[in-house]
Amino acid sequence: MPIHEKSLIRPENLVEHEDLFIDGVDVSGHWSTFINPRALTDYNEEMQEEISALPGGEHIHRCWQCGSCTNACTVNALNPDFNPRYWIYLIRNGMEQELLIDKDIIWQCVSCNKCTYACPRDVNPEGVMKATAHWLEMKGHTEKKPSMIFDEGFSEQVIHTGKIEDGLVIRQFFARTGQKLTQNWLVSMVVSLAKRMPVALGFKMGLATVFHPRTRGWDRSRAAIEEYVQEKHAEQRKALGLGEEA
Ligand code: SF4
Ligand code: SF4
């Protein structure tokens, strides 16, 4: 028997009677709350398989619903609607329409991995959150979220140069998400970092910003990684029942 979820009862299915007496007893208002029956006909029986096909979602089938991930979760402490255990429950039961109710908050996972360390079944809930956010985007339920845009920019740079230049990653991320580089918090963070940074390291980072260094002899590795990434993308789209990428 699955865990009973209050949130599975939709508000429109709760009915109260304003003026109701049963055997002379006044049961008006919330005393007479009824739940209209609801038949679920919109199961996505492939849902667990689809999430499992995306990076991070591979071990979702191991979940035994203990709730340790949600108890440990950084974002849940701020917003109780952010509930990894509940979403894993919905995915495993193919309840796609229920999951879509929360589609705009799932991406807010901050990848702190507290859930991953708390999970007794090695489900990797953080990975499941990433896979779910990715699934939502690939299926067209949500737009590409900032965390995905960041990951893409980061990976692109590693694949193309074999190195990471932090300044470029940040500049690209801000440009792609339409944010100004002159935001107060960013300026004060850079100033504070610059004050503490050893001169040699600052000089090295300055050179990297200008010359964009690459790992020597990287071209063959790059070609192999690009081929692998394309293969994986094609496999993922097939698993989700999507056509070839345009
Ligand atoms: S990684 Fe995401 S889901 Fe896990 S505890 Fe951190 S915020 Fe919560
Ligand atoms: S901690 Fe692991 S086993 Fe427990 S509910 Fe979360 S994902 Fe499932």
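The rules we used
Residues numbered from 1 in each chain as written. Chains lettered and ligands numbered in written order. Predicted model: local features only at pLDDT ≥ 70, side-chain atom pairs only at ≥ 80, totals over all residues. Heavy atoms only, no water. 1 Å grid on protein atoms, 1.4 Å probe; cavity = no way out; pocket = protein on both sides within 12 Å on 5 of 7 lines; lining within 4 Å. Points joined across faces, edges and corners; volume = space filled by probe spheres on them. Helix = DSSP H or I, 4+ residues; strand = E, 2+ residues; numbered from the N terminus. Nonpolar A, V, L, I, M, F, W, Y, C, P; charged D, E, K, R; others polar. Core = buried A, V, L, I, M, F, W, Y, C linked by side-chain atoms within 4.5 Å. Buried < 20%, exposed > 50% of the residue type's maximum accessible area, 1.4 Å probe, protein only. Contact = heavy atoms within 4.5 Å. Near = heavy atom within 4 Å. Sits in = over half its atoms within 2 Å of the grid points. Axes fitted to C-alpha atoms, helices over the stretch in contact; angles between N-to-C directions. Parallel < 35°, antiparallel > 145°, perpendicular 65-115°, else oblique. Left-handed = near helix turned anticlockwise from the far one by under 90°.

Asks: Got a minute to help me understand the layout of surface pockets in this structure?
Replies: The rolling of a water-molecule-sized probe over the atoms marks out the regions of remaining empty space. Considering only enclosed or pocket space, the largest pocket measures out at about 1,100 Å³ in volume. Counting only elements with at least two residues in the lining of the largest pocket, the list comes to α7 (125-138), α8 (146-161) and α12 (219-239). At nine residues, α12 tops the list of elements feeding residues into the lining of the largest pocket. Along the lines of polarity and charge, the residues of the lining of the largest pocket split into ten nonpolar, ten polar and twelve charged. Taken as a whole, the second largest pocket spans an internal volume of roughly 420 Å³. Lining the second largest pocket are 15 residues, with G167, I170, V190, L193 and M205 positioned closest to its centre.

Asks: Would you mind going over the nonpolar core with me for this structure?
Replies: Here is a general trend for soluble globular proteins: nonpolar side chains tend to be buried in one another's company. I51, W87, L90, L99, V128 and W135 are the most contacted members of the largest nonpolar core, which totals 30 residues. Contributions of two or more residues to this core are made by α1 (47-52), α4 (84-92), α5 (96-101) and α7. Ignoring sequence-local partners within four residues, the contact set of L99 consists of M47, W87, L90, I91, I106, T132 and W135.

Asks: It is not clear to me how the site of ligand 1 should be interpreted in this structure. Could you clarify?
Replies: Near ligand 1 you find 14 residues, and of these C73, C109, C112, N113 and C115 are the closest. Most atoms of ligand 1, that is more than half of them, are within 2 Å of grid points of the largest cavity. Of all the secondary-structure elements, those providing two or more residues to the shell around ligand 1 are α3 (74-78), α6 (114-118) and α7. Here the residues of the shell around ligand 1 sort into nine nonpolar, three polar and two charged.

Asks: What am I meant to see in the side chain of Q48 here?
Replies: Inspection of the secondary structure puts Q48 in helix α1. Note on Q48: relative accessible area 17%, which makes it buried. Not counting residues up to four positions away in its chain, the partners in contact with Q48 are I60, H61, I91 and R92.

Asks: What am I meant to see in the packing of α8 against helix α9 (residues 166-176) here?
Replies: The relative placement of two packed helices is expressed as an angle between their axes plus a distance between the axes. The contact between α8 and α9 brings their axes to 9 Å, and the two run at 140 degrees. Overall, the two elements α8 and α9 adopt an arrangement that is oblique. The crossing of α8 and α9 is right-handed. Across from P146, I149, F150, E152, G153, F154, E156 and Q157 in α8, the residues of α9 making contact are L168, V169, Q172, F173 and R176.

Asks: What exactly am I supposed to notice about the site of ligand 2 here?
Replies: Among the 14 residues in the neighbourhood of ligand 2, the closest are listed as C63, C66, G67, C69 and C119. Listing elements by their share of the shell around ligand 2, those giving two or more residues are α2 (68-72) and α4. Class assignment for the residues of the shell around ligand 2 results in nine nonpolar, three polar and two charged.

Asks: Where do I start with empty space enclosed by the protein in this structure?
Replies: If you walk through the whole model with that rule in mind, you get five cavities of 30 Å³ or more. In this model, the largest cavity occupies a volume close to 90 Å³. Along the wall of the largest cavity there are 13 residues; nearest its centre are C73, F82, C109, C112 and C115. Contributions of two or more residues to the lining of the largest cavity are made by α3 and α7. Split by residue class, the lining of the largest cavity holds nine nonpolar, three polar and one charged. Considered as a void within the structure, the second largest cavity measures approximately 80 Å³ in volume.

Don't take any of this as a statement about function, it's just geometry.
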